[in-house]
Amino acid sequence: MLLKNKVAIITGAASGIGKEIAVEFAKQGAKVVIADLVSDAAKATVADITKAGGTAMSIAMNVTDEAQVEQGVAEVVAAYGGVDVLVSNAGIQIISSLVELSLDNWKKMLAIHLDGAFLTTRACMRAMIKTGRGGSIIYMGSVHSHEASPLKAPYVAAKHGLLGLAKVVAKEGAKDGIRSNVICPGFVRTGLVDKQIPEQAKSLGISESDVIRNVMLKETVNGEFTTVQDVAQTAVFLAAFETNALTGQSITVSHGWHMQ
Ligand code: NAD
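A.B. asks: Could you give an account of helix α4 (residues 103-131), with specific residues and numbers?
C.D. replies: The end-to-end C-alpha separation of α4 is 41 Å, in line with the 42 Å expected for 29 residues at 1.5 Å each. Considering bend angle alone, the principal kink of α4 is centred on A111 and spans about 40°. Just beyond α4, the residue with positive phi is G132, at close to 70°.

This is the structure:
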């Protein structure tokens, strides 16, 4: 077991990529915290993990709400005695051309992806420093941390921003044994992607199958979606890596869509 007794908070873990990371971390022996807005789905994930012999709890956390983040991390410290891993994964997508984008939607996207990453990082770093055990902070970036696509201005801006945040956390966290890295997946078939296929088809005036073939998977080496398992395995690798030799980096998991 690569994460035996490590305490891992995963935001946005009630569904999609975050949920699979939670399940995989639990299999590797971690005490897993499902932090999400959607409490029924979060509780169902906890029940699945517990049934399979793992340890998990859920906390209600809107990552943009400072008080909820502070309270949630304090609950985890009280229940499990500290925090060893944060996966800052909660996210949304909004499809719109820049000229049609409202300021509210721009701010909403930046709040969830960047304010959320900042608030959870700050709370978890403070807990990690207090216990003196160091830790691993993992951000869910995207190929859009490195590449741009039309109709996704705030998403691309936010995902690029996470690279900068991760590098600062790597530098400031080093003296306390805290490392920080970014996972950059290609398209993964989750609710977030299923919702945008018809939206992109409408905005671009093409069929849904053309969105998949000629937009989402066009630049991959083999026309395949990345899977939640691919991303979860990468998260286990980064969470379990023991030294600051691997910090301030991004790892792209995208069937070659983006090559660094
Ligand atoms: P998803 O919609 O299945 O899951 C996102 C989760 O985040 C949901 O459970 C949702 O309730 C939660 N969430 C949303 N706003 C929140 C908030 N304010 N506070 C707490 N939780 C909140 O989507 P997913 O595809 O699993 O996406 C997870 C992450 O992976 C996102 O950051 C996304 O940008 C990133 N990502 C996804 C893909 C993809 O193709 N699916 C590719 C690259 C990166």
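After that view of the structure, there is still more to cover.
A.B. asks: Could you give me a rundown of unusual backbone geometry, with the residues and numbers involved?
C.D. replies: Residues other than glycine seldom take positive phi values, yet L151 does so here, at roughly 75°. Position of L151 relative to the elements: it lies in the loop between β5 (135-140) and α5 (153-173).

A.B. asks: Give me the lowdown on the environment of I129, citing residues and values where you can.
C.D. replies: As for its placement among the helices and strands, I129 is situated in helix α4. Taking relative accessible area as the criterion, I129 reaches 40% and is therefore assigned partly exposed. When the C-alpha atoms of I129 and D176 are compared, they prove to be 6.2 Å apart, with 47 residues separating the residues in sequence. Setting aside anything within four residues of it in sequence, one finds I129 in contact with D176 and I178.

A.B. asks: Can you lay out the state of the cysteines for me, pointing to particular residues and giving the numbers?
C.D. replies: Overall, the coordinates contain 0 disulfides when judged by the stated rule. Here C124 is not cross-linked by a disulfide; its sulfur's nearest cysteine counterpart is in C184, at 20 Å. Since its relative accessible area comes to 0%, C124 is described here as buried.

A.B. asks: Could you give me a rundown of the sheet that holds strand β3 (residues 55-60), with the residues and numbers involved?
C.D. replies: Pairing in this open sheet of 7 strands is parallel, and the strands run β3-β2-β1-β4-β5-β6-β7 from one edge to the other. Bordering the open sheet on either side are β3 and β7 (249-253), each of which pairs with just one other strand. Neighbour-to-neighbour, the strand axes of this sheet turn through a mean angle of 20°, independent of strand direction. For β5 and strand β6 (residues 178-185), the ladder comprises 6 bridges, and the chain directions are parallel. Opposite M140, over in β6, you have I183 as the bridge partner. In the packing of helix α1 (residues 16-27) onto the sheet, contacts are made with β1 (7-11), β2 (31-36), β4 (85-88) and β5, and the angle to β1 comes to roughly 170°.

A.B. asks: Provide a residue-level description of the packing of aromatic side chains, including the pertinent values.
C.D. replies: One pair of aromatic rings is described through two measures. These are the centre distance and the angle between the planes. A full pass over the atoms with the stated rule returns 2 aromatic pairs. Aromatic side chains F187 and W257 sit 5.3 Å apart centroid to centroid with 5° between the ring planes, which places their arrangement in the stacked category. Separated by 70 residues along the polypeptide, F187 in the loop between β6 and α6 (191-204) and W257 in the segment after β7 bring together distant segments of the chain. The class for F187 is buried, based on a relative accessible area of 10%. Measuring from ring centre to ring centre gives 5.8 Å for F237 and F241, while their planes differ by 70°; the resulting arrangement is edge-to-face.

Conventions adopted
- Residues numbered from 1 in each chain as written.
- Predicted model: local features only at pLDDT ≥ 70, side-chain atom pairs only at ≥ 80, totals over all residues.
- Heavy atoms only, no water.
- Helix = DSSP H or I, 4+ residues; strand = E, 2+ residues; numbered from the N terminus.
- Expected span 1.5 Å × (residues − 1).
- Bend = angle between axes of the 7 residues up to and from the residue.
- Buried < 20%, exposed > 50% of the residue type's maximum accessible area, 1.4 Å probe, protein only.
- Contact = heavy atoms within 4.5 Å.
- Disulfide = S-S within 2.5 Å.
- Pairing = 2+ DSSP bridges.
- Axes fitted to C-alpha atoms, helices over the stretch in contact; angles between N-to-C directions.
- Phe/Tyr/Trp six-rings, centres within 6.5 Å; stacked < 30°, edge-to-face > 60°.

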